[in-house]
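A closer look at the structure
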Amino acid sequence: MPKVKPHRTSPSLDMTPMVDLAFLLVTFFMLTTKFAPEETVVVDTPSSISELKLPESNVITLTIDKKKDRVFFGVDDPKTKIQALQRVGAKYGVNFTAEQAKEFGNLPNFGLPINQLGSYLNVEKEERKALNAQQPGVPIDSLNNQLIDWVLEARRANQAIFKKPTYIAIKGDGNADVPTVQKVIKLLQERDINRFNLITDLENKPVASAQ
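In what follows, the accompanying structure is described. Predicted, not measured: the structure shown is a model, and the values here were computed from it.

Quick notes on the sheet that holds strand S5 (residues 197–198)
In spatial order, the strands read S3-S2-S4-S5; together these 4 strands make up an open sheet with mixed pairing. Strands with a single pairing partner mark the edges of an open sheet, and in this sheet they are strand S3 (71–75) and S5. Of the strands in this sheet, strand S2 (59–64), S3 and strand S4 (167–172) touch helix H7 (residues 178–190), which is tilted by about 150 degrees from S2.

Structure (structure tokens):
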């Protein structure tokens, strides 16, 4: 009696669950991803082989571009920014409206004397971009050292709000004026701030060739 051969069918794979999973992942990343704000000044940081990562929060960033004496101040948290603005404003006798304070909380960084901040914050966001190149930098003169006031008041504000220490990072352009970088470091050290980070780009580690 002849044998009955079973009918062979090619295997099939239902791709629907995989497609659903892919769409869920895309939706998740779209909803949770935070885009970095557009900074007032763009710097090309030097490279290094250090793999230490800067903390994601409680960070004060001092940006030094390649134009002489231009230092920009920034804080990552809006609440800390606003409270620091009120503290520094009170010290220099400059008042800010609630709307100006709100706008300041959204700034990634700035490079203006305290008495020019109000008029800058009154300008529409798109119009500010044209003014960014004209910012002279936060004053760091011995007789008008506003930069260290911003640093100290931002640290106090951050401690009052979050009860956590503040990290300080110096982000200098690879072609930045070396005396300006040295001056900023010296200003910090004069206030017993001896721990800070230098922001660099990671480069490949040198590989030793076999002999």
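A look at the pairing of S4
Counted residue by residue, S4 has 5 buried out of 6 residues, so it is predominantly covered. In this structure, S2 lies alongside S4, joined through 6 bridges in parallel fashion. Among the inter-strand pairings, Thr 63 is bridged to a residue of S4, identified as Lys 171. Of the strand pairs in this sheet, S4 and S5 are connected by 2 bridges, and their pairing is parallel. Note on S5: the bridge partner recorded for Ile 170 is Leu 198. A crossover connection joins S4 to the parallel S5 through H7; in handedness this β-α-β unit is right-handed.

Some words on the side chain of Arg 128
Note on placement: Arg 128 falls in helix H5 (residues 125–132). Judged by relative accessible area, Arg 128 falls into the buried class, the value being 6%. Within the structure, Arg 128 has its side chain in polar contact with the side chain of Glu 103 (distance 2.8 Å). The residues touching Arg 128, leaving out its near neighbours within four places in the chain, are Glu 103, Leu 107, Tyr 120, Leu 121 and Val 123.

Re the pattern of salt bridges
Tallied over the full model, the rule gives 6 salt bridges. Note that Arg 87 and Glu 153 form a salt bridge whose closest N and O atoms lie 3.6 Å from each other. With Arg 87 in helix H2 (residues 78–92) and Glu 153 in helix H6 (residues 146–162), this residue pair connects regions lying 66 residues apart in the sequence. Judged by its relative accessible area of 14%, Glu 153 falls in the buried class. Between Glu 126 and Lys 129 there is a salt bridge, with its nearest N and O atoms 3.5 Å apart. Here the residue Glu 126 and the residue Lys 129 both occupy positions in helix H5, the gap between them amounting to 3 residues, near one helical turn. A relative accessible area of 40% means that Lys 129 is categorised as partly exposed. Sharing partners across several salt bridges, the network here consists of Arg 87, Glu 153 and Arg 156.

As for the packing of helix H3 (residues 98–105) against helix H4 (residues 114–122)
The contact between H3 and H4 brings their axes to 9 Å, and the two run at 85 degrees. Between H3 and H4, the angle falls in the class roughly perpendicular. Counted together, Gln 100, Glu 103 and Phe 104 of H3 and Leu 117, Gly 118, Leu 121 and Asn 122 of H4 form the full contact between these two elements. Of the residues assigned to the contact of H3 with H4, the class counts are 3 nonpolar, 3 polar and 1 charged.

Observations regarding H7
If you check H7, its first and last C-alpha atoms are 18 Å apart, about what 13 residues at 1.5 Å a residue would give, namely 18 Å. On its buried face, H7 sits against S2, S3, H6 and S4.

Calculation criteria
- Residues numbered from 1 in each chain as written.
- Predicted model: local features only at pLDDT ≥ 70, side-chain atom pairs only at ≥ 80, totals over all residues.
- Heavy atoms only, no water.
- Pairing = 2+ DSSP bridges.
- Helix = DSSP H or I, 4+ residues; strand = E, 2+ residues; numbered from the N terminus.
- Contact = heavy atoms within 4.5 Å.
- Axes fitted to C-alpha atoms, helices over the stretch in contact; angles between N-to-C directions.
- Buried < 20%, exposed > 50% of the residue type's maximum accessible area, 1.4 Å probe, protein only.
- Right-handed = clockwise from strand over helix to strand, strands pointing away.
- Polar contact = N/O pair within 3.5 Å; in protein donor to acceptor, adjacent residues only side chain to side chain.
- Salt bridge = Lys/Arg side-chain N within 4 Å of Asp/Glu carboxyl O.
- Parallel < 35°, antiparallel > 145°, perpendicular 65-115°, else oblique.
- Nonpolar A, V, L, I, M, F, W, Y, C, P; charged D, E, K, R; others polar.
- Expected span 1.5 Å × (residues − 1).

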